[in-house]
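This is what each chain is made of:
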Amino acid sequence: MSKNVTRVGATLVASVAVLALAGCGGDDGAVGATGATGATGATGATGAAGSAGPGITWVQVTGSSAQAATNTGYLADNAAQVTITLPAVAALGDIVEVSGVGAGGWKVAQNTGQSIRVGLAGTAWVRRSPSAEWTSIASSADGSRVAAVANNQLIYTSTDYGSTWTAQPGSGTRQWRGVASSADGNRLAAAAAGSYIYTSSDAGVTWAQSNTPFGSWSSVASSADGMRLIAADSNGFVYTSTDAGATWKQRLSSSIWSAVTSSADGMHLAAASFTSVYVEVSSDGGATWTGVVPTTTIIAKLAASADGATLAVTTGNNRLFVSFDYGATWQPQSGTASPSGVAVSGDGSTLMVGAINGVVSLSSDGGYSWTDLGSGNQIWNALSLSADGSRFVAGSSNGSLYNPKPRSTTGTAGFISGTQYQSVRLQYFGNGLFSVLDNQGLIVVE
């Protein structure tokens, strides 16, 4: 009897288990409610405070001199010039500022091994050449090699960004009107009125008369490799060459051609005439041409970017017009006064104009805004600009060749200075070099 009871109990337990499992696969039961969201955890501890930035504390200097500390500004407040000496030790990024409050202005002096990089705008201009009637300047892409021509002069060349110049006896004394350079500065071409187009393949040391007709040559331009040339005769035709001036092909009709320009590949060309409001443009190296109209007056000077898309022209009524689409449309630029010369950087973003009223202006945004470079009382009609827009030389028709001095002399002999109401902000770049971040007014660099 006991055995039977045990077997029956086991059977019942097994049956209950089976039924429980079968119930899991039966009809769906009601879904249980979602549990409530747990409470938000406690806020973590606040992190440590960051290091202090280079804030500026201003100090009034009424004496004749002061030793500067880093991240400090100085108000030079004296009837005589106040000398502020740079900190002997500085950390990368440290700031020094100086403002001229008093009539005497200020001077920033240097310690041994220090120098100050000023850049372009607001720098001092330095006379670099003999006085002459300079008509045209051209440079290599990096701006280091420069060639300049003038009336009744030899051709001058420079290998140090226009700081020193050498007269080239092999060029001859002629009525030089235009000069062009290859990207490396080795191949040059020069145009002379009452003469021919001359070329050089050794950076201007020796020159050869090219196979052009005798004419009143007014302008010449070159491709980056120096092989493709375009030249204008002010009493004749426009000519192109594809072999560095060995042979030439006549283009366009006879006119008083005033200026020509070329893209880096020599395919996009432009030519202007004193007898027409049109600028003739070509996209096939001069085989075909289309007339475009920037303005209602004659065109005096032309310049183009490396791709030829950006074109800048000066007009007979002293205006500047710029096109960013190969001459299809044009925009007048009101930020310049009486432009007489123009240059364009390789990418077309930087424009430089020289004016008949003694001002050279620079734009780094395609001509929408301009900075007066404080260049003195000259008639600037000859300009060169490096491909990146950082180096330039300006020549006047009543003076010399000039360029700005971008950096002070290293050591205690070097300094920068400014007058009352002028200011400068310097930042330490390491290795003894301070750089001007911005300034108000013309800085003198020595």
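The text that follows walks through the structure, step by step, so that each part is easy to find. (Residues numbered from 1 in each chain as written. Predicted model: local features only at pLDDT ≥ 70, side-chain atom pairs only at ≥ 80, totals over all residues. Heavy atoms only, no water.)

### Comments concerning the sheet that holds strand S5 (residues 95-100)
Item 1. Read from one edge to the other, the open sheet built from 6 strands follows the order S1-S3-S5-S37-S38-S7, with strand pairing classed as mixed. Sheet topology places strand S1 (57-61) and strand S7 (115-117) at the edges, where each strand pairs with a single neighbour. With direction set aside, neighbouring strand axes in the sheet form an average angle of 25 degrees.
Item 2. When strand S37 (residues 423-430) meets strand S38 (residues 433-440), the two strands line up antiparallel, connected through 7 bridges. (Pairing = 2+ DSSP bridges. Helix = DSSP H or I, 4+ residues; strand = E, 2+ residues; numbered from the N terminus. Axes fitted to C-alpha atoms, helices over the stretch in contact; angles between N-to-C directions.)

### Some thoughts on the nonpolar core
Soluble globular proteins: nonpolar side chains tend toward being buried together.
Item 1. One finds Ile 84, Val 108, Ile 116, Ile 416, Val 424 and Leu 426 to be the most contacted residues of the largest nonpolar core, which totals 22 residues.
Item 2. Those elements that place two or more of their residues in this core are strand S3 (72-76), strand S4 (82-85), S5, strand S6 (106-109), S37 and S38.
Item 3. Per element, the largest residue contribution to this core is 3 residues, and it comes from S37.
Item 4. The contacts of Val 424, once residues within four sequence positions are left out, are Val 96, Glu 97, Val 98, Trp 106, Val 108, Ile 416, Val 436, Asp 438, Asn 439 and Ile 443.
Item 5. Listed in part, the 13 residues of the second largest apolar core include Ala 272, Val 281, Leu 302 and Trp 330. (Core = buried A, V, L, I, M, F, W, Y, C linked by side-chain atoms within 4.5 Å. Buried < 20%, exposed > 50% of the residue type's maximum accessible area, 1.4 Å probe, protein only. Contact = heavy atoms within 4.5 Å.)

### Examining unusual backbone geometry
Item 1. The backbone of Asn 71 shows a phi angle near 55 degrees, a positive value even though the residue is not glycine.
Item 2. If you trace the backbone, Asn 71 turns up in the loop between strand S2 (65-67) and S3.
Item 3. Owing to a relative accessible area of 18%, Asn 71 belongs among the buried residues under this scheme.
Item 4. In this model, Asn 152 sits at a positive phi of 60 degrees, which is unusual for a non-glycine residue.
Item 5. Looking at where Asn 152 falls in the secondary structure, it is placed in strand S10 (residues 146-153).

### Structural notes on the sheet that holds strand S39 (residues 444-445)
Item 1. Judged by pairing direction, the sheet is mixed, and its 5 strands sit side by side in the order S2-S4-S6-S36-S39 without closing on themselves. The open sheet has two edge strands, S2 and S39, and neither has a second partner.
Item 2. Here 2 bridges tie strand S36 (residues 415-418) to S39, and the two strands are oriented antiparallel to one another. Within the sheet, the bridge partner assigned to Ile 416 lies in S39 and is Val 445.

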